[in-house]
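Residue-level structure breakdown
The primary structure of each chain is shown beneath.
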Amino acid sequence: MTVKAYDERSESMISSAINNPLHVKTLLQAGFQIDHQNSFGKTALYYAIQFNQHDSVKLLLSLGTNVNHAYQEEKENNWGCPSNVTSGRTPLMHAAQHSDIPMMKLLLKNGANLHDENALGSKALDFAIKDNKEENAAFLAKEIRNTITAEVKADIKQLNLLGEKEYKTGDYKKAKEHFLQAIELDKTDVNIKLLNNLAITTIKLKDYKMALEASKRVINLEKENKTLASAYFNYGKACSLLRSEGRSRFINGKQYCHTSSLRYFVESFEAYPTQSRANVIIEGIKSKTDKKTSYTVSCYKNGLDGLEAVRLIGSYLYILATPDLNYDGIKFTVNESDPIFEFNPYKVHKLSENQYLHVLFSPGKIPRDVLIGNNYCKREKGGADFFSQVQ
């Protein structure tokens, strides 16, 4: 018996039965189309992957389902497909985001293409990274590296060395060119050393978008503290320069620098503390706010024992003080009619022999004014420095 075509927008009966391989087999034997597409261009294989039905995937692959079939863009857009489903998504990309390593191995064994890209230029590896599937990302990166020959690896190393040499001599344009060539050859786009080198070079060239993208990719991938610290610092530096030059955080329609540069510098210090990073934090807390950063409080020597400087950014309160700071003396209000709320102690870091960074957090509400000891720091949206001290 042959079952004729479904309505174009309908889901396949096979997709509905995907949790039971025996039912799937019965439907296929009855003549149901193995690669029937719904209005998004989705076949039964995608559902089997998403629900981790390894046996159903094995059955579909053994009977010839298209392992590299991709969604159709025009049908996605017309049918209002969710934004996380992008034109050109393949089953391997779907598995990278929704399934596990055995599933990806099964697809690769049956001809799935590691290097396919969707309409946005994302590969399966990118889907794993975006969805924080760390094991999947590590597996795919290794698989991609295994496809690179020894000769190409040597070329990558040589290009990186050339870029580093040119960076040291101040030829940043040449250095950027060689780092990009090496990344293109690497294919994985997860070569941490290359990405960090690209970030520091493009900061010098004021190509902040590329610096931010490279640093963010390292932050998403890297677990080794020293390298992660460099990426956070590079990201914070690019954000700081972007703001100091009065440039928008929106670059080509995408927003960067979602929080203050100080926050990224603190993240860098937390990952791998150094005195130079501590000095940047100290300077950031003590510095007055520039006119382009609204709603920021800075206060100096407010009478509380051991207090040196304060910076309030969003829900975070950064305090430079001695280690025995009395947290009971720190409170905030949301507006003039609201009662006083307390900050929650978050983290303490030793920056120097007598200087400690106290990071406090206000959950739920963004504070307006801060009460520190016997002094009151009022946040304002006007004036030369966006802060005033009220005795």
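Residues numbered from 1 in each chain as written. Predicted model: local features only at pLDDT ≥ 70, side-chain atom pairs only at ≥ 80, totals over all residues. Heavy atoms only, no water.

Right, let's talk about the nonpolar core for a bit. Taken as a class, soluble globular proteins show a tendency for nonpolar side chains to be buried jointly. Counting 40 residues, the largest nonpolar core has I14, V57, L60, L107 and L140 as the members making the most contacts within it. Mapped onto this core, the elements with two or more residues apiece are helix 2 (21–29), helix 3 (44–50), helix 4 (54–62), helix 6 (91–98), helix 7 (101–109), helix 8 (124–130) and helix 9 (134–146). In this structure, I148, L159, L195 and Y256 belong to the second largest nonpolar core, which totals 30 residues. (Core = buried A, V, L, I, M, F, W, Y, C linked by side-chain atoms within 4.5 Å. Buried < 20%, exposed > 50% of the residue type's maximum accessible area, 1.4 Å probe, protein only. Helix = DSSP H or I, 4+ residues; strand = E, 2+ residues; numbered from the N terminus.)

Under the definition given, this model contains three aromatic pairs. Directly above the ring of Y47 sits K42, whose terminal nitrogen or CZ lies 4.4 Å from the centroid. (Phe/Tyr/Trp six-rings, centres within 6.5 Å; stacked < 30°, edge-to-face > 60°. Lys NZ or Arg CZ within 6 Å of the ring centre and 35° of its normal.)

This part covers helix 9. The α-helix winds at 3.6 residues per turn, so residues separated by three or four positions along the chain end up facing the same way. Between its terminal C-alpha atoms helix 9 stretches 18 Å, which fits the 18 Å expected from 13 residues at 1.5 Å a residue. When we look at burial in helix 9, the residues that qualify are N136, A137, F139, L140, A141 and I144. Buried residues along helix 9 sit against helix 6, helix 7, helix 8 and helix 11 (172–186). (Expected span 1.5 Å × (residues − 1). Contact = heavy atoms within 4.5 Å.)

Along the chain, the position of K42 falls in the loop between helix 2 and helix 3. Residue class for K42 comes out buried when judged on its relative accessible area of 11%. A distance of 3.5 Å separates polar atoms of two side chains, one belonging to K42 and the other to Q50. Not counting residues within four places of it along the chain, the set of residues in contact with K42 comprises H36, Q37, Y47, Q50, Y71 and H94. (Polar contact = N/O pair within 3.5 Å; in protein donor to acceptor, adjacent residues only side chain to side chain.)

Here the focus is the pattern of salt bridges. According to the stated counting rule, one finds 11 salt bridges in the structure shown. D207 is the salt-bridge partner of K176, the closest N and O atoms lying 3.0 Å from each other. Remark: D207 occurs in the loop between helix 12 (192–204) and helix 13 (208–221) and K176 occurs in helix 11; sequence separation between them is 31 residues. When the shortest N-O distance is used, the salt bridge between K254 and E213 registers 3.0 Å. In this pair, K254 sits in strand 2 (residues 254–255) while E213 sits in helix 13, placing the two residues 41 residues apart along the sequence. K254 sits in the partly exposed class, given a relative accessible area of 41%. Since its relative accessible area comes to 29%, E213 is described here as partly exposed. Three or more residues are tied together by salt bridges with common partners; here these are K206, E245 and R247. (Salt bridge = Lys/Arg side-chain N within 4 Å of Asp/Glu carboxyl O.)

Nothing here speaks to function; it is all geometry.
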